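# Structural characterization, general
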Amino acid sequence: MSQTVLVLDFGGQYKELIARSVRNAGVYSVIKHGSMPAQQIKALNPIGIILTGGPNSVYGKNAVSYDRELFNLGIPILGICYGMQLMCYVLGGEVGRGSVGEYGSVCVTPTNGGKPFTALMSHRDVCLKPPLGFTVTAATSNNIASFENAEKKLYGVQFHPETAHTQGGKEIIKHFLFSVCAAKGDYRLDGYIKNQVSRIQAQVQSERVLLGLSGGVDSSVCAALLSQAIPNRLVCVFVDHGFMRAGEGDEIERIFKEKSLNFIRVNAAQRFLARLKGVTEPEQKRKIIGEEFVRVFEEEAKKLGSIPFLAQGTIYPDIVESGGEKGAVIKSHHNVGGLPERLGFKAVIEPLSGLFKDEVRKIGRKLGLPAALTFRQPFPGPGLAIRIMGEVTAQKLETLRRADAIVREELLRRKKPPSQFFAVLTDTFSVGVKGDDRTFDRVIAVRAVQTDDFMTCAYAPIPHTLLRKISERITNEVEGVSRVVYDITAKPPSTVEWE
Ligand code: XMP
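Residues numbered from 1 in each chain as written. Predicted model: local features only at pLDDT ≥ 70, side-chain atom pairs only at ≥ 80, totals over all residues. Heavy atoms only, no water.

### Digging into the overall build of the protein
What the protein contains, in helices and strands, is 15 helices and 18 strands. Its C-alpha atoms put the protein at 80 × 60 × 40 Å along the principal axes. Long-range pairs, those at least 24 residues apart, make up 73% of the contacts in the protein with a sequence separation of at least 6. Accessible surface, the protein: about 23200 Å² in total, of which carbon and sulfur atoms supply 50%. One way to put it: in the protein the 63 positive side-chain charges average out to a point 3 Å from where the 52 negative ones average out. (Helix = DSSP H or I, 4+ residues; strand = E, 2+ residues; numbered from the N terminus. Contact = heavy atoms within 4.5 Å. Areas by Shrake-Rupley, 256 points an atom, 1.4 Å probe, with all protein chains shown as cover. Lys, Arg positive; Asp, Glu negative; His and termini not counted. Charge placed at Lys NZ, Arg CZ, Asp CG, Glu CD.)

### Things to note about the sheet that holds strand 12 (residues 262-267)
Pairing in this open sheet of 5 strands is parallel, and the strands run 12-11-10-13-14 from one edge to the other. Here the strands that pair on one side only, and so sit at the sheet edges, are strand 12 and strand 14 (347-349). The average undirected angle you get between the axes of adjacent strands in this sheet is 25°. Pairing of strand 11 (residues 234-240) with strand 12 involves 6 bridges; the strand directions are parallel. For Cys236, the partnering residue across the bridge sits in strand 12 and is Phe263. The strands touched by helix 5 (residues 189-204) within the sheet are strand 10 (209-212), strand 13 (309-311) and strand 14, with strand 14 carrying the most contacts at an inclination of about 160°. Docked against the sheet, helix 7 (residues 248-258) engages strand 11 and strand 12, running at close to 165° with respect to strand 12. (Pairing = 2+ DSSP bridges. Axes fitted to C-alpha atoms, helices over the stretch in contact; angles between N-to-C directions.)

### Structural notes on the environment of Arg275
Within the secondary structure, Arg275 is located in helix 8 (residues 269-275). Residue classification places Arg275 among the partly exposed residues on the basis of a relative accessible area of 29%. Taking C-alpha positions, Arg275 is 48 Å from Thr52, a pair spaced 223 residues apart along the chain. If we skip the residues at most four places from it in the chain, Arg275 touches Ile288, Glu291, Glu292 and Arg295. (Buried < 20%, exposed > 50% of the residue type's maximum accessible area, 1.4 Å probe, protein only.)

### Description of the pairing of strand 3 (residues 48-51)
Neither face of strand 3 is open: one carries Gly48 and Ile50, the other Ile49 and Leu51, and all of them are buried. Looking at chain direction, strand 1 (residues 4-9) and strand 3 are connected through 4 bridges and run parallel. Each residue of the ladder has a partner; that of Val7, found in strand 3, is Ile50. Where strand 3 meets strand 4 (residues 77-80), 3 bridges bridge the pair, whose relative direction is parallel. Looking across to strand 4, one finds that Leu51 is bridged to Gly79.

### Some words on the site of the ligand
Not every one of the 12 residues close to the ligand is listed here, only the nearest: Arg286, Gln420, Lys491, Val496 and Glu497. In this structure, an oxygen atom belonging to the ligand sits 2.6 Å away from a side-chain N or O atom of Lys491. A distance of 2.6 Å separates an oxygen atom of the ligand from a polar side-chain atom of Glu497. Burial of the ligand by the surrounding chains reaches 79%, relative to a free accessible area of 490 Å². Here the shell around the ligand is built from residues that sort into 5 nonpolar, 4 polar and 3 charged. (Near = heavy atom within 4 Å. Polar contact = N/O pair within 3.5 Å; in protein donor to acceptor, adjacent residues only side chain to side chain. Nonpolar A, V, L, I, M, F, W, Y, C, P; charged D, E, K, R; others polar.)

### What about the pattern of salt bridges?
Per the stated rule, a full pass over the model turns up 33 salt bridges. We note a salt bridge from Lys257 to Glu253, for which the minimum N-O separation is 2.9 Å. Separated by 4 residues within a single helix, Lys257 and Glu253 lie in helix 7, roughly one turn from each other. Its salt-bridge partner being Glu409, residue Arg413 comes within 3.5 Å of it at the nearest N-O pair. Through salt bridges that share partners, Arg271, Arg275, Glu291, Glu292, Arg295 and Glu299 make up one connected network. (Salt bridge = Lys/Arg side-chain N within 4 Å of Asp/Glu carboxyl O.)

### Examining the packing of helix 6 (residues 217-229) against helix 12 (residues 357-366)
Across the interface, helix 6 lies against helix 12 with an axial gap of 9 Å and an inter-helix angle of 45°. Considered as vectors, helix 6 and helix 12 are oriented oblique to each other. Seen along the crossing, helix 6 lies across helix 12 with a hand that is left-handed. Across the interface between the two elements, Val217, Asp218 and Val221 from helix 6 touch Lys357, Val360, Arg361, Ile363 and Gly364 from helix 12. Considered class by class, the residues forming the contact of helix 6 with helix 12 number 4 nonpolar, 1 polar and 3 charged. (Parallel < 35°, antiparallel > 145°, perpendicular 65-115°, else oblique. Left-handed = near helix turned anticlockwise from the far one by under 90°.)

### Overview of the packing of helix 5 against helix 12
Close contact between helix 5 and helix 12 brings their axes to 10 Å; oriented N to C, the two are set at 75°. When the axis of helix 5 is compared with that of helix 12, the two are roughly perpendicular. Taking contact as the criterion, the partners of Leu189, Asp190, Tyr192 and Ile193 in helix 5 are, on helix 12, Glu359, Lys362, Ile363 and Lys366. For the contact of helix 5 with helix 12, the per-class residue count stands at 4 nonpolar, no polar and 4 charged.

### Looking at the confidence of the model for the protein
With 95% of its residues at a pLDDT of at least 70, the protein reaches an overall mean of 92. In this model residues 325-338 is a low-confidence stretch, pLDDT under 50, and it forms 27 contacts with partners more than four residues away in sequence or in other chains. (pLDDT = per-residue confidence, 0-100.)

### Focus: unusual backbone geometry
With an omega of -15°, the peptide bond between Lys491 and Pro492 qualifies as cis. Omega for the peptide link from Pro492 to Pro493 comes to 10°, which places this bond in the cis form. Tracing the chain through its elements places Pro493 in the segment after strand 18 (481-486). Not every positive phi belongs to a glycine, and Cys81 is a case in point at roughly 55°. Its place among the elements puts Cys81 in the loop between strand 4 and helix 3 (82-90). One non-glycine residue with positive phi stands out, namely Lys153, at about 60°.

### Quick word on the packing of aromatic side chains
Enumeration over the complete set of coordinates arrives at 12 aromatic pairs. With 5.7 Å between their ring centres and 35° between their planes, Phe429 and Phe440 make a pair best called tilted. Highlighted residues: Phe429 in strand 15 (residues 420-434) and Phe440 in strand 16 (residues 437-450), separated in sequence by 11 residues. Classification of Phe429 by relative accessible area gives partly exposed; the value is 39%. Look at Phe440 and you get partly exposed, because its relative accessible area is 46%. Geometrically, the ring pair formed by Tyr459 and Tyr486 is edge-to-face, given 6.0 Å between the ring centres and 80° between the ring planes. (Phe/Tyr/Trp six-rings, centres within 6.5 Å; stacked < 30°, edge-to-face > 60°.)

Shown next, in the form of structure tokens:
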């Protein structure tokens, strides 16, 4: 068991960033709600605690509750932003409105004569007076930027060392981990794989496990991990709904057929197309695809006879975001949502539920999956069906597949491709001229976005020469397309996908 650092969440937006910075430094971390009772914290036996930022004031009615005993446990604590203010307030210092709020990059000067550095700040309240026994260790031109009580191993920073915008932020976190908490740096992904493999073997014994494989990063890495643990008793069912991108279904089949596991590809394209006949409303499309997926999966599971375990590629952020720690958390858009109950599985196995996405990708590489798969950009469960406006038909799918392959090929040539990019088949027809003939064909929209988290995004500033090339190639190589447009809308107000 690795040493653990506990991240107590007070509602700030960077809790996962904090937990990941700790793990990247080689120390295991977990995120728990800020109100966790001190006795439970003690039972976890963390080597250190980090208090996150949060949107409230310590005086606010909506502030997250906390157990003040937390500061008497003798465990080193680093309070960040709100976390620092909470420490200040509880231990008898003074918190209040500073003369000005500080948002964005702010210059911070250490009091020991060290070099000033820029740090990311985002706060209105500040620590006006540190608690007794604390010394101020850095300040901005207006406010206290950090303080400490080294004897009690309590530290507070008003800025955010977990973000890349704070110079030397990583070192500040490492200093807390290694010099203050005496961390050994014993968290390794190899260890995680080994632990999970033996846990799965112990749990599954001689039974079989069923995994719904979508070909996305999470379920693919889950398959690779399970295939290492129980190579002959894993059954992967890949429901090909026929809305995958060009060559994708075959690629997934090829990769997993090579592994020593039982891989079943269900070619259900005709079924899905039949269900979508005449359907044009986006939400209805999504619902029908979700339902049909469950139905196909159920039928396959039945054919396989009784399999007691269902495996899912749930990852740590899925659990943290839903606010729960226990039980099987299934994303609402998850492909196999609702299956455990309906099919009566004895248990759900989620071997990646302790990992962040970047760790899942690394594990995938370690388990021998190709980079093209582990670094795949997100692809929606309903696939190309929600990138075709109006009714989905076999012919429209073919047109979109070919246009999309060109967009992907051209953008993948770039040193730094956008975060996500694809083609959309609009339901608009426009007049064109090919040879000496008038055409009246479809409009393809190209979508490419830049984002870290897909919650918001900006359109990617693709050079005009490349846009021209993409347009020329699509209109020349794809039949039935007369015009190509580039989507320059941000999210919000639009979304990444068109439906
Ligand atoms: P939107 O369109 O909501 O997309 O801005 C944000 C990100 O989520 C992806 N997306 C989905 N992923 N199932 C998924 O697994 C879905 O139903 C789904 N819909 C959108 C989208 O590709 C983008 O990366």
